[in-house]
Amino acid sequence: MWLNLPKRWRASLQAATNYNHLLQVKDYCSEQCHSSKRVLQIIYELYMKIFLSWSGELSHKVACIFRDWLPNVLQYVIPYVSSEDIDKGARWSIDIAKELEESYYGILMITNDNLNSTWINFEAGALSKTLDKSKVVPFLFNINRAELKGPLIQFQSTILEK
């Protein structure tokens, strides 16, 4: 059953330090559930999905670094970067729409190159779909808050300082 997991789930689960706990959950779910789809759903609900939004080369590099780093410091997260996590042959627009719908936390990788990106603004809007549950964080890489414009200024941002 674990081999049927999508690539992004396998990578995050294998990197998790609480992998033994996950195996216990899998065993429990296997006993309680009759469908492998439900088992995967329960396991997936235990983890927090983080949508990493990017537009442009530098922003993409920053997003990939976050994707690799986040599960090492927060073992319960499953980060999503479209360029890395869409399976080959899949329709990218459907996959991204599904991830945006299922994610309640998003980090927008903002650089000088994508300050006015319509794609970043689109994803920010999709992520902020439920005002009481969603969290959208612009991560400002080599720019300051005063340079942020448009709808992104409504979100509390984080600046890279080191």
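Residues numbered from 1 in each chain as written. Predicted model: local features only at pLDDT ≥ 70, side-chain atom pairs only at ≥ 80, totals over all residues. Heavy atoms only, no water.

Some remarks on the packing of aromatic side chains
Using the following cut-off: Classification of ring pairs rests on two measures: the distance between centres of Phe, Tyr or Trp rings, Trp counted by its six-membered ring, which must be within 6.5 Å, and the angle between planes, read as stacked under 30 degrees, edge-to-face over 60 and tilted in between. By the criterion adopted, a ring carries a charge over it if an Arg CZ or a Lys NZ lies within 6 Å of its centre and within 35 degrees of its normal.
One pass over the structure, following the stated rule, counts 5 aromatic pairs. Taking the ring centre of Y104 as reference, the NZ or CZ of K129 above it sits at 4.8 Å.

A short note on the nonpolar core
Filter applied, for reference: Buried residues of nine kinds, namely Ala, Val, Leu, Ile, Met, Phe, Trp, Tyr and Cys, make up a nonpolar core once their side-chain atoms join them within 4.5 Å. Think of it in three bands: with a 1.4 Å probe and only protein chains considered, a residue is buried below 20% of the maximum accessible area for its type, exposed above 50%, and partly exposed in between. Secondary structure elements follow DSSP: runs of H or I no shorter than four residues count as helices, runs of E no shorter than two count as strands, and numbering proceeds from the N terminus. Residue contacts are defined here by distance: any two heavy atoms, one from each residue, within 4.5 Å place the two residues in contact.
Formed by 17 residues in total, the largest nonpolar core has its most connected members in L108, I110 and L152. Looking at this core, the elements that each hand over two or more residues are helix 6 (92-102), strand 3 (105-110), helix 7 (118-127) and strand 4 (135-140). No other element matches helix 7, which puts 3 residues into this core. Sequence-distant contacts of L152, that is, excluding residues within four places in its chain, are made with L108, I110, I120, N121, A124 and P138.

Some details on helix 7
An α-helical turn contains 3.6 residues, so any two residues separated by three or four positions project in the same direction. Where we set the bar: What the arc covers is the set of directions going from the helix axis to the C-beta atoms. Contacts described as polar in this section are N or O atom pairs within 3.5 Å, which, within protein, must combine one atom able to donate a hydrogen with one able to accept it, while residues neighboring in sequence count only if both atoms come from side chains.
Among all positions in helix 7, only I120, E123, A124 and L127 are buried. Buried residues of helix 7 fall within an arc of 105° about the axis and therefore sit on the same side. Elements in contact with the buried residues of helix 7: strand 1 (48-53), helix 6, strand 3 and strand 4. If you check the start of helix 7, you find a side-chain oxygen 3.3 Å away from the backbone N of W119, and it comes from S117.

Quick word on helix 4 (residues 57-73)
What counts, and what does not: Given a helix with a known number of residues, its expected span is that number minus one, times 1.5 Å.
Taking 1.5 Å as the rise per residue, helix 4 with 17 residues should run 24 Å; its terminal C-alpha atoms sit 25 Å apart, in good agreement. Of the residues making up helix 4, those classed as buried are S59, H60, V62, A63, C64, F66, R67, L70 and P71.

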